[in-house]
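Read off the chains here:
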Amino acid sequence: MFSTPPVILQRLALQDCTISGVFIPKGTMVGVDVLHAQTCKSTWGPDAETFDARRFLKLEQQTGRKYTTRSTSLSILNFGHGKRSCPGRFFAGVQIKLVLAHMLVNYDMRLDEEVDGKSKERNLWFGATSFINPRVRVLVRQRTS
């Protein structure tokens, strides 16, 4: 279970508008509950809040739909969705793969389990984003052979 409440990404309506039949006056804060979209059990299954490295492989086998780093949907909002989704997602996906491949081929890496002699929580949450605890060191050693 997540240690933080769901965060809603918010934007201010700059003018009066109507979205899907709902009138939104100028100055109203509107938002999307991104954490819910990306951990919804009806979409991702009963283990939606648990890391599963093979989740998208299983979904591809079940649905026949191809999932990639640049995929967008109402449940995958990393790069937005629809006609205003991030055009840089294709470039970002290639860059992530290149850096990851380089690191895996040329370096040995592991997380240091202790910080200041104490065991530390590996992941922290800031809003809807999980990241490695900045106090946990990543030990990196260049491979020699």
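These numbers come from a predicted model, not from an experiment.

### Topic: the overall build of the chain
Counting secondary structure elements, the chain contains four helices and ten strands. Sequence-ordered secondary structure for the chain, helices as α and strands as β, is β-β-β-β-α-α-α-α-β-β-β-β-β-β. Considering the chain as a whole, with its 145 residues, one finds that 20% of them fall into the buried category. Within the chain, contacts between residues at least 6 apart in sequence are counted, and of these 40% link residues at least 24 apart.

### Quick look at the pattern of salt bridges
On inspection of all chains with the given rule, the structure shows four salt bridges. Between Arg55 and Asp47 there is a salt bridge; the shortest N-O distance is 3.4 Å. Take Arg55: its relative accessible area is 11%, and that puts it in the buried class. A salt bridge links Asp108 to Arg141, with the shortest nitrogen-to-oxygen separation between them at 3.4 Å. Of the two residues, Asp108 sits in strand 5 (residues 107–111) while Arg141 sits in strand 10 (residues 138–142), which places them 33 residues apart along the sequence. Given the relative accessible area of 28%, Asp108 is considered partly exposed. Of the residues examined, Arg141 reaches a relative accessible area of 55% and is grouped as exposed. Taken together, the salt bridges that share partners define one network made up of Asp108, Arg141 and Arg143.

### Observations concerning the environment of Ser130
Its location among the elements puts Ser130 in strand 9 (residues 129–132). Here Ser130 is in contact with Asn123, Leu124 and Trp125, once residues within four sequence places are set aside.

### Regarding the nonpolar core
Residues Trp44, Ala48, Leu59, Tyr67 and Ile76 constitute the largest nonpolar core, which totals five residues. Here Tyr67 is in contact with Phe56, Leu59, Glu60 and Ile76, once residues within four sequence places are set aside.

### Regarding the side chain of Ser71
Tracing the chain through its elements places Ser71 in the loop between helix 3 (55–63) and helix 4 (89–106). A polar contact is formed between the side chain of Ser71 and the backbone nitrogen of Thr68, at a distance of 2.7 Å. Setting aside its immediate chain neighbours within four residues, Ser71 contacts Arg65, Lys66 and Ile76.

### A look at the confidence of the model for the chain
On average, residues of the chain carry a pLDDT of 81, and 84% of them reach 70 or more. Taken element by element, the predicted model of the chain shows its lowest mean pLDDT in strand 1 (residues 8–12) (62) and its highest in helix 4 (94). Scored below 50 in pLDDT, residues 1–8 shows 20 contacts in the model against residues more than four places distant or in partner chains.

### Overview of unusual backbone geometry
One non-glycine residue, Ser20, lies in positive phi territory at about 50°. Within the element layout of this structure, Ser20 appears in the loop between strand 2 (17–19) and strand 3 (22–24).

### Remarks on the side chain of Ser75
Locating Ser75 in the fold gives a position in the loop between helix 3 and helix 4. On the basis of relative accessibility, which here comes to 16%, the residue Ser75 falls in the buried class. Sequence-distant contacts of Ser75, defined by excluding residues within four places in its chain, comprise Ala37, Gln38, Thr43 and Trp44.

### Description of the packing of aromatic side chains
Taken as a whole and assessed by the stated rule, the structure comprises two aromatic pairs. Taken together, a centroid distance of 5.6 Å and an interplanar angle of 70° make the contact between Trp44 and Phe56 edge-to-face. With Trp44 in helix 2 (residues 41–44) and Phe56 in helix 3, this residue pair connects regions lying twelve residues apart in the sequence. Judged by relative accessible area, which is 9%, Trp44 ranks as buried.

Basis of the calculations
Residues numbered from 1 in each chain as written. Predicted model: local features only at pLDDT ≥ 70, side-chain atom pairs only at ≥ 80, totals over all residues. Heavy atoms only, no water. Helix = DSSP H or I, 4+ residues; strand = E, 2+ residues; numbered from the N terminus. Buried < 20%, exposed > 50% of the residue type's maximum accessible area, 1.4 Å probe, protein only. Contact = heavy atoms within 4.5 Å. Salt bridge = Lys/Arg side-chain N within 4 Å of Asp/Glu carboxyl O. Core = buried A, V, L, I, M, F, W, Y, C linked by side-chain atoms within 4.5 Å. Polar contact = N/O pair within 3.5 Å; in protein donor to acceptor, adjacent residues only side chain to side chain. pLDDT = per-residue confidence, 0-100. Phe/Tyr/Trp six-rings, centres within 6.5 Å; stacked < 30°, edge-to-face > 60°.

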